[in-house]
Amino acid sequence: MSVLTQLVTDLREGRIEVVDLTAPLSSETPILELPEIFGQTARFELEEISRYDDRGPAWYWNNFRTGEHTGTHFDAPNHWASGRDLADISAVPVSSFVAPAVVLDVTADVAADPNFLIERHHVEAFMAEHGPLPAGGWLLCRTGWSARAGQADMINRIDGEPASPGLSAECAQWVAQETPLQGLGVETVGTDAGAAAGFDPLFPCHDHFMGAGKYGLAQLQNLDRLPPTGAVVLASPLRIVSGSGSPVRVLALVER
């Protein structure tokens, strides 16, 4: 039996489960909030063209408008100034859309401190327990943040400032530049911590990962259904010419 035939058989017979890591995309989907001096992404909007009526008697369809980085989305290297001369979303190699993943669970830490920062020693402790990080893989950070619903809960302002977990600047630089991973995945609205507008550099996950020609996945769900190692992630963005990112349907294959 070929490898692909075996994969299809295992999927059909339930030995491999497909887990959806994607947040629903609607007008209620939480969006990134940048400081007011900067441009803002658009909320998702659906405009009905026809629905089995005089505008189109046999069909239903819509136009939609949204930002490239709205909802569950894929950041391309050219999204940030540090990667401005690197790949746009249409040029990301398709081989990058299917990759192994590890899941770092810091839910207990985040429950105690919504501004919790993942440091290099947290990742090194994971490696000591589970083995080396996979070449060309994803580091998925399980924080429990996807259990939150709505704009206010996701941004979680405390004393007027956004408060959500993420990587420290030092950890972001180390993971992006010194590990074999291809990218970072998070449950929050963007790949950086809520307080990252005040870090050095500004939004370090974006700065270091994009500058290293690597990628980001944001607003993931169901990371609690993945094992620490062994899952394979399928993340296929729209092929937007010159785009900086795209909403994406993210799936994980998990052996059961």
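A brief look at the structure comes next. Since we're looking at a predicted model, the values are computed, not measured.

### Comments concerning empty space enclosed by the protein
Okay, step 1: Per the counting criterion, the structure on display carries one cavity of 30 Å³ or more.
Okay, step 2: Empty space within the largest cavity amounts to approximately 50 Å³.
Okay, step 3: Residues belonging to the lining of the largest cavity are distributed by class as follows: seven nonpolar, three polar and no charged.

### A word on the nonpolar core
Okay, step 1: The biggest cluster of nonpolar side chains holds 31 residues, and the ones touching the most others in it are Ile118, Leu139, Leu167, Val175, Leu184 and Phe209.
Okay, step 2: Within the residue set of this core, elements represented by two or more residues are β5 (98-105), α3 (120-130), β7 (138-142), α4 (151-155), α5 (169-178) and α6 (204-211).
Okay, step 3: Among the elements that line this core, the one with the most residues is α5, at five residues.
Okay, step 4: Not counting the four nearest positions on each side in its chain, valine 175 is found in contact with Leu139, Leu167, Leu181, Phe209 and Lys214.

### Observations regarding the pairing of β5
Okay, step 1: The pairing of β5 with strand β13 (residues 231-237) spans four bridges and is classified as antiparallel. Looking at β13, one finds that alanine 99 is bridged to valine 233.

### Overview of the layout of surface pockets
Okay, step 1: The volume enclosed by the largest pocket comes to roughly 710 Å³.
Okay, step 2: What lines the largest pocket is a set of 35 residues, and nearest its centre among them are Leu32, Glu33, Leu34, Pro35 and Phe203.
Okay, step 3: In terms of residue class, the lining of the largest pocket is made up of 15 nonpolar, 14 polar and six charged.
Okay, step 4: Taken as a whole, the second largest pocket encloses approximately 160 Å³ of empty space.
Okay, step 5: Lining the second largest pocket are 15 residues, with Ala23, Pro30, Arg148, Gln219 and Gln221 sitting closest to its centre.
Okay, step 6: Split by residue class, the lining of the second largest pocket holds six nonpolar, six polar and three charged.

Scoring rules and cut-offs
- Residues numbered from 1 in each chain as written.
- Predicted model: local features only at pLDDT ≥ 70, side-chain atom pairs only at ≥ 80, totals over all residues.
- Heavy atoms only, no water.
- 1 Å grid on protein atoms, 1.4 Å probe; cavity = no way out; pocket = protein on both sides within 12 Å on 5 of 7 lines; lining within 4 Å.
- Points joined across faces, edges and corners; volume = space filled by probe spheres on them.
- Nonpolar A, V, L, I, M, F, W, Y, C, P; charged D, E, K, R; others polar.
- Core = buried A, V, L, I, M, F, W, Y, C linked by side-chain atoms within 4.5 Å.
- Buried < 20%, exposed > 50% of the residue type's maximum accessible area, 1.4 Å probe, protein only.
- Helix = DSSP H or I, 4+ residues; strand = E, 2+ residues; numbered from the N terminus.
- Contact = heavy atoms within 4.5 Å.
- Pairing = 2+ DSSP bridges.

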